[in-house]
Amino acid sequence: MSLTSSTKNNPCLICEDTSGKCRQGREDLSYWQCMIYADAKKGEIIGNFKCIGQIKNGLWAAFKPDNSQEWTEQKRLEWQRENQRRQQQKAKEDEARRRRSLSAIERDKSYHQLLSELTLHPDDRADLARRGFTAAQIELSGFRSIGRYQKLQSQYSELLPGVSGRDRLIIRDEGYLCPIRDREGLIVACQVRLRTLPTTESSRYRWLNGDGQTLHVFPEGCKAGGELPLAIFRLEGKPKGISLVEGTGAKPFLVSQRLNQFVIGSSGGQFCSSPVLLRQSLEKAELEVETK
Ligand SMILES: [Zn+2]
């Protein structure tokens, strides 16, 4: 489903957010995903809307209009007061999240170490070969397999996204890790590709991240909550062009390899939720490709 973020001209109809945290359906304008009321239960009514379920492990709650209750002035005032309270709470959480975010250099060092402890499972190697990866490209990709709650040899910061109890990964399923590099080539995050698709999900890919850790990065000028990393893929030397590709794993990697492109990949194709990173990445791409 295609979505647009809340803006000053188009505030979230559930929480009145104007900062882009919440999202409206592009085709179905009555459909909203609200972050401020992400903890709403299915069937719960907020203002004129009813919660119809959770999105992305509860990062947003989905809403549709509900007119079953009379909308009085009293109710409107209570609703607005609660919105303000929640937005202040959210601002505090954003600040705490920013403080817990490891720098790109710290993440890069830890993820390099972590990936070096792991190998690639024959099933994952076969999957990549089936997609057309050469042996050299499989090596170059840096993808590494993980088991259920993968045990690690070294100790890691509890702030490193995806690590649990310092020496385990928090991911319950088997699959492989795809390192996510920023425009400077630093590994700032990993995505996991699950070997088997869970019956309740539509995508095999998810972020390597845990509760209370900060996957978001905070480039200068970004919104308070930070931005999800974008994945940059490039060959050595001068790229032939710039490509924006949905995803952060095998697909954008191959595009960059085969077409010699400076590729910017985004999880779920949500480029617009990382506007500062997208601009910085495009600026970097322009320099390298020597184009506008
Ligand atoms: Zn909202």
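The structure we're discussing is the one just above.
Here's a quick rundown of the structure. Computed from a prediction, not measured in an experiment: that's the story for all the values here.

A short note on the sheet that holds strand 6 (residues 60–65)
- Strand order across the open sheet formed by six strands is 1-2-3-6-5-4, with antiparallel pairing between neighbours. Taken across any chain shown, the strands that pair with only one partner, and hence form the sheet edges, are strand 1 (3–5) and strand 4 (45–46).
- Two elements, strand 3 (residues 32–34) and strand 6, share three bridges in a ladder whose sense is antiparallel. Note that in strand 6 the partner of Gln-33 across the bridge is Ala-62.

So, the coordination of the zinc ion
- Distances from the zinc ion to its protein donors, namely Cys-12 (SG), Cys-15 (SG), Cys-22 (SG) and Cys-34 (SG), fall within the range 2.3 to 2.4 Å.
- In primary sequence terms, the donor set of the zinc ion follows C-x2-C-x6-C-x11-C. Neither Cys-15 nor Cys-22 differs from the other in exposure class; each is buried.

Here we look at the packing of aromatic side chains
- In total, this model carries six aromatic pairs according to the counting rule given.
- Relative to Phe-253, the ring of Phe-133 lies with its centre 5.4 Å away and its plane at 10 degrees, an arrangement referred to as stacked. With a gap of 120 residues between them, Phe-133 in the loop between helix 3 (122–130) and helix 4 (135–141) and Phe-253 in helix 5 (residues 250–259) connect regions that are remote in the sequence.
- On the basis of an interplanar angle of 20 degrees and a centroid distance of 5.4 Å, the ring pair of Phe-143 and Tyr-176 is categorised as stacked.

Concerning the pairing of strand 6
- Bridge count between strand 5 (residues 49–55) and strand 6: six bridges; the pairing is antiparallel. Across the sheet, Phe-49 pairs through a bridge with Pro-65, a residue of strand 6.
- The turn joining strand 5 and strand 6, which pair antiparallel and follow one another in sequence, is formed by four residues; a positive phi near 50 degrees is taken by Lys-56.

Overview of the sheet that holds strand 13 (residues 231–233)
- Strand order in the open sheet formed by three strands is 13-15-14, and the pairing between neighbours is mixed. Each edge of the sheet is formed by a strand with only one pairing partner; in this case those strands are strand 13 and strand 14 (241–246). Within this sheet the neighbouring strands show an average axis-to-axis angle of 20 degrees, counted without direction.
- Both strand 13 and strand 15 (residues 261–266) contribute to a ladder of three bridges, which runs antiparallel. Considered in strand 15, the bridge of Ala-231 is made with Gly-265.
- Packed on one face of the sheet, helix 6 (residues 275–289) meets strand 13, strand 14 and strand 15 and runs near 170 degrees to strand 15.

Some words on the nonpolar core
- The biggest cluster of nonpolar side chains holds 21 residues, and the ones touching the most others in it are Cys-12, Ile-14, Cys-15, Cys-34, Tyr-37 and Phe-63.
- Of all the secondary-structure elements, those providing two or more residues to this core are strand 3, strand 5 and strand 6.
- Of all the elements, strand 6 adds the most residues to this core, at four residues.
- Leaving out residues up to four positions away in the same chain, Ile-14 has contacts with Trp-32, Cys-34, Tyr-37, Ile-46, Phe-49, Phe-63, Trp-79 and Asn-83.

Comments concerning the pattern of salt bridges
- Taken as a whole and assessed by the stated rule, the structure comprises 23 salt bridges.
- Residue Arg-86 pairs with Asp-39 through a salt bridge whose shortest N-O separation is 3.0 Å. Linking Arg-86 in helix 1 (residues 73–100) with Asp-39 in the loop between strand 3 and strand 4, this pair joins segments that are 47 residues apart in sequence.
- Since its relative accessible area comes to 16%, Arg-86 is described here as buried.
- Relative accessible area serves as the criterion here: at 48%, Asp-39 is assigned to the partly exposed category.
- A salt bridge links Glu-184 to Arg-183; the shortest N-O distance between them is 3.9 Å.
- A relative accessible area of 48% means that Glu-184 is categorised as partly exposed.
- The network of salt bridges with shared partners includes Arg-183, Glu-184, Arg-234, Lys-284 and Glu-288.

Structural notes on the side chain of Ser-141
- Its location among the elements puts Ser-141 in helix 4.
- For Ser-141, a relative accessible area of 4% puts it in the buried group.
- Within polar-contact distance, the side chain of Ser-141 engages the backbone nitrogen of Phe-143 at 3.3 Å.
- Not counting residues within four places of it along the chain, the set of residues in contact with Ser-141 comprises Phe-133, Pro-179 and Phe-253.

Conventions adopted
Residues numbered from 1 in each chain as written. Predicted model: local features only at pLDDT ≥ 70, side-chain atom pairs only at ≥ 80, totals over all residues. Heavy atoms only, no water. Pairing = 2+ DSSP bridges. Helix = DSSP H or I, 4+ residues; strand = E, 2+ residues; numbered from the N terminus. Donors = N, O, S within 2.8 Å, 3.2 Å for Na, K, Ca; no water. Buried < 20%, exposed > 50% of the residue type's maximum accessible area, 1.4 Å probe, protein only. Phe/Tyr/Trp six-rings, centres within 6.5 Å; stacked < 30°, edge-to-face > 60°. Axes fitted to C-alpha atoms, helices over the stretch in contact; angles between N-to-C directions. Contact = heavy atoms within 4.5 Å. Core = buried A, V, L, I, M, F, W, Y, C linked by side-chain atoms within 4.5 Å. Salt bridge = Lys/Arg side-chain N within 4 Å of Asp/Glu carboxyl O. Polar contact = N/O pair within 3.5 Å; in protein donor to acceptor, adjacent residues only side chain to side chain.

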